Amino acid sequence: MLFSERNNYKKARDSIQIESIDKLARNRLWSIYYEQVFKYEWEQSIAKQVHSDFLYSNIWKEFFKESIDKIPSHPLELVRDAHFSGKWHEVFDLLEIIADPKYSILMMHHATKYKFIESVNQCFEKECVGYRIQSGKVVQITDVSELEEIDSAINSGESTIKTHLQTALQLLSN
């Protein structure tokens, strides 16, 4: 909380965003996408002197549901427009695609994926968004301690427990 909010010069957020995501949260989330994902993809394509379109083609197929031969030469602007003008739940659809290692080469690296997910979850916490990324899915939270317990059990539990919790989480997110 910044000075203005602590000292009541500016109203602090007083409700959790459950069936909405406001402009402030969208702005912060887009900055994370751009700095940690899209900028990296662009820099890699320049370094290799080839267009790295793996993530964009997956967004095009999975999010926009368009045929791959119709992907524009500069898809970032369309992705940005969808992020800022789409329905609140579509923002989370896009987030799940970007965070999924099968759609993004960048997310295959554990440290990068961990940093990205941590940044998104911090964004959601700061902007009072009532969701977190858990096991690659955007899930509604009821209590941060519950979320930490689930994460701990998935990451350190026996394989049968881990499978059971991941399946339950998948069904819950559906």
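Thresholds, definitions, all that
Residues numbered from 1 in each chain as written. Predicted model: local features only at pLDDT ≥ 70, side-chain atom pairs only at ≥ 80, totals over all residues. Heavy atoms only, no water. Pairing = 2+ DSSP bridges. Helix = DSSP H or I, 4+ residues; strand = E, 2+ residues; numbered from the N terminus. Polar contact = N/O pair within 3.5 Å; in protein donor to acceptor, adjacent residues only side chain to side chain. Expected span 1.5 Å × (residues − 1). Buried < 20%, exposed > 50% of the residue type's maximum accessible area, 1.4 Å probe, protein only. Axes fitted to C-alpha atoms, helices over the stretch in contact; angles between N-to-C directions. Parallel < 35°, antiparallel > 145°, perpendicular 65-115°, else oblique. Contact = heavy atoms within 4.5 Å. Nonpolar A, V, L, I, M, F, W, Y, C, P; charged D, E, K, R; others polar. Core = buried A, V, L, I, M, F, W, Y, C linked by side-chain atoms within 4.5 Å. Salt bridge = Lys/Arg side-chain N within 4 Å of Asp/Glu carboxyl O. Left-handed = near helix turned anticlockwise from the far one by under 90°. Patch = residues over 30% accessible without salt bridge, like charges linked within 9 Å, V, L, I, M, F, W, Y side chains within 5 Å. Areas by Shrake-Rupley, 256 points an atom, 1.4 Å probe, with all protein chains shown as cover. Phe/Tyr/Trp six-rings, centres within 6.5 Å; stacked < 30°, edge-to-face > 60°.

1. Details of the pairing of strand S2 (residues 137-140)
When strand S1 (residues 131-134) meets S2, the two strands line up antiparallel, connected through four bridges. Looking at S2, one finds that Gln134 is bridged to Lys137.

2. Some points on the side chain of Asn58
Mapped onto the fold, Asn58 is located in helix H3 (residues 54-62). A polar contact is formed between the side chain of Asn58 and the backbone oxygen of Tyr103, at a distance of 3.3 Å.

3. What to know about helix H6 (residues 110-126)
When the terminal C-alpha atoms of H6 are compared, their 24 Å separation across 17 residues agrees well with the 24 Å that a helix rising 1.5 Å per residue should span. Here H6 has its buried residues at Phe116, Ile117, Ser119, Val120, Asn121, Cys123 and Phe124. One or two steps after H6, the chain reaches Cys128, where phi turns positive at roughly 55°.

4. Focus on the packing of helix H5 (residues 88-99) against H6
One way to put it is that H5 packs onto H6 with a least axis distance of 11 Å and a crossing angle of 160°. Between H5 and H6, the angle falls in the class roughly antiparallel. Only Lys113, Phe116, Val120 and Phe124 of H6 make contact with H5, whose side of the interface consists of Phe92, Leu95, Ile98 and Ala99. Of the residues that constitute the contact of H5 with H6, the class distribution is seven nonpolar, no polar and one charged.

5. Section: the nonpolar core
Core analysis: the largest hydrophobic core is formed by 33 residues, its most contacted members being Tyr33, Phe38, Ile59, Leu95, Phe116 and Phe124. Those residues in contact with Phe124 that sit more than four places away from it in its chain are Leu29, Phe92, Leu95, Val129, Tyr131 and Arg132.

6. A short note on the pattern of salt bridges
Tallying each qualifying case throughout the model produces one salt bridge. Taking the shortest distance from any N to any O, the salt bridge between Glu127 and Arg28 comes out at 2.9 Å. With Glu127 in the loop between H6 and S1 and Arg28 in helix H2 (residues 23-48), this pair connects stretches of sequence that are 99 residues apart. On the accessibility criterion, Glu127 (7% relative accessible area) is buried. Looking at Arg28, the relative accessible area reads 33%, which means it is partly exposed.

7. Quick notes on the packing of H3 against H5
Close contact between H3 and H5 brings their axes to 10 Å; oriented N to C, the two are set at 140°. The element H3 and its partner H5 pack so that their crossing is right-handed. Residue-level contacts link Leu55, Ile59 and Glu62 of H3 to Leu94, Ile97 and Ile98 of H5. A class-by-class count of the residues in the contact of H3 with H5 yields five nonpolar, no polar and one charged.

8. A look at a nonpolar patch on the surface
A contiguous nonpolar patch, built from Phe54, Ile105 and Met108 and spanning about 270 Å² of accessible area, is present on the exposed surface. With respect to the helices, strands and loops of the structure, Met108 is situated in the loop between H5 and H6.

9. Notes on the pairing of S1
A regular strand places its side chains so that they alternate between the two faces of the sheet. Because side chains alternate across S1, one face comprises the buried residues Tyr131 and Ile133, and the other comprises Arg132 and Gln134, equally buried. As consecutive antiparallel partners, S1 and S2 are separated by two residues, and within that stretch Ser135 has a phi angle of approximately 50°, a positive value.

10. Focus on the environment of Ile105
Summarising the element assignment, Ile105 is placed in the loop between H5 and H6. With a relative accessible area of 42%, Ile105 lands in the partly exposed category. The sequence separation of Ile105 and Glu41 amounts to 64 residues, and the corresponding C-alpha distance is 9.0 Å.

11. A look at the packing of aromatic side chains
For any two aromatic rings, the description comes down to two numbers: the centre-to-centre distance and the angle of the planes. For the structure shown, the criterion picks out 13 aromatic pairs. Aromatic pair Trp30 and Tyr33: ring centres 5.9 Å apart, planes at 75°, arrangement edge-to-face. Of this pair, Trp30 and Tyr33 both sit in helix H2, separated by three residues, roughly a single helical turn. For Trp30, a relative accessible area of 7% gives the class buried. Pairing Trp60 with Phe64 gives two aromatic rings, centres 5.1 Å apart and planes at 50°, and the pair type is tilted. Joined through ring pairs, the aromatic side chains of Trp30, Tyr33, Phe38, Tyr56, Phe84 and Phe116 make up one cluster.

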